[in-house]
Amino acid sequence: HAFYDCRSLRLMILPNDINLDYVGNGIVHRTAINQIAETVGVAYAIIECEGVTDESNHHINEWLYHHMDEWPFHKLCCDPSATTKHINDYIHEHGNDAAYAIDTTHSMTPLHVLSMNPHAPSDAIASLLHSNIQADIWEDTEQKTPLDYARDHNVGGLVEMINGLCSHRNSSI
């Protein structure tokens, strides 16, 4: 029960190279992401005095692994090893419209996800902001902007975002 009762855990994307047999039992039980899974019909089955069943645990872990598959840029932004080159290459390959993608579960842009990644380089956050300057004011389902997430998870990214917004403002005067 790694995140048991952690109501603020609403986004978890398991890495591509993870072995689901070693993820653990009930890792998101009683979390906000568990509520999202239940909304789409994926839930833990619990046997009294025994806990979560192995089958339902595997089903939840599979869902965690795949639930953001239709949002590959969001998955990239969540990756702790994502670099500025990865972000720029993705935008170059898929166009600036990729920076405008909003996932249907959390109403987040890739900038939201990258801003909450504590390992994301600040220049990657600045680059993504430059690709979608309007994302700085977009609120997700929790009424949080990328600036809010950067403040809480990536202060270097917050500084770069503020610098980028000031530069954008000055260039439009």
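Refer to the structure printed above.
Since the model is a prediction, treat every value here as computed from it, not as a measurement. Residues take numbers from 1 onward in each chain, read along the sequence in its written order. Residue-level local features of this predicted model are given only where pLDDT is at least 70; pairs of side-chain atoms are given and counted only at 80 or more, and the full residue set underlies all totals for whole chains, interfaces and linings. For side-chain calculations, the full set of non-hydrogen atoms in the structure is used, while hydrogens and water are omitted.

Colleague: I would appreciate a short explanation of the packing of helix α4 (residues 84-94) against helix α6 (residues 122-131) in the present structure.
Modeller: Between two packed helices, what matters for the description is the angle formed by their axes and the separation of those axes. Axes, fitted as lines to C-alpha atoms, cover a helix only where it is in contact. Angles between the N-to-C directions of the axes lie from 0 to 180 degrees. Secondary structure is summarised from DSSP: a helix means a run of H or I of at least four residues, a strand means a run of E of at least two, and numbering begins at the N terminus for each. It is the contact of α4 with α6, at a shortest axis distance of 8 Å, that shows an interaxial angle of 20 degrees. One way to sum up the angle between α4 and α6 is to call them roughly parallel. Between α4 and α6 lies a crossing whose hand is right-handed. Contacts between α4 and α6 involve T84, I87, N88 and I91 on the former and, on the latter, D123, A124, S127, L128 and S131. Here the word oblique covers every angle except those under 35 degrees (roughly parallel), over 145 (roughly antiparallel) and from 65 to 115 (roughly perpendicular). When the near helix sits turned anticlockwise from the far one by under a right angle, the crossing is termed left-handed; a clockwise turn instead gives a right-handed crossing. The contact definition used throughout considers only heavy atoms, calling two residues in contact when any of these lie within 4.5 Å.

Colleague: Help me out: how do you make sense of the packing of aromatic side chains in this one?
Modeller: The geometry of an aromatic ring pair is captured by two quantities: the separation of the ring centres and the angle between the planes. Stacked, tilted and edge-to-face are the three classes assigned to paired rings of Phe, Tyr and Trp, where Trp is represented by its six-membered ring and a pair needs centres within 6.5 Å; plane angles under 30 degrees give stacked, over 60 edge-to-face, the rest tilted. Tallying each qualifying case throughout the model produces 1 aromatic pair. Considering the side-chain rings of F73 and Y90, the 4.4 Å spacing of their centres and the 10 degrees angle between planes classify their relative orientation as stacked. One end of the pair, F73, is in helix α3 (residues 72-78); the other, Y90, is in helix α4, and 17 residues separate them in sequence. In this pair, the class of F73 matches that of Y90, namely buried. Each residue's exposure class comes from its accessible area (1.4 Å probe, protein chains only) as a fraction of the maximum for that residue type: buried when under 20%, exposed when over 50%, partly exposed otherwise.

Colleague: Explanation requested: the nonpolar core in the structure shown.
Modeller: Soluble globular proteins: nonpolar side chains tend toward being buried together. Here, nonpolar core refers to any group of buried Ala, Val, Leu, Ile, Met, Phe, Trp, Tyr and Cys residues whose side-chain atoms link them within 4.5 Å. The biggest cluster of nonpolar side chains holds 25 residues, and the ones touching the most others in it are F73, C77, I87, L111, L114 and L128. Elements that contribute at least two residues to this core include exactly α3, α4, α5 (110-115), α6, α7 (146-153) and α8 (155-171). In terms of residues, this core owes the most to one element, α6, which gives 4 residues. Residues within four places of F73 in sequence aside, it is in contact with I87, Y90, I91, A98, A99, P110 and L128. Residues I27, V42, Y44 and V52 belong to the second largest nonpolar core, which totals 9 residues.

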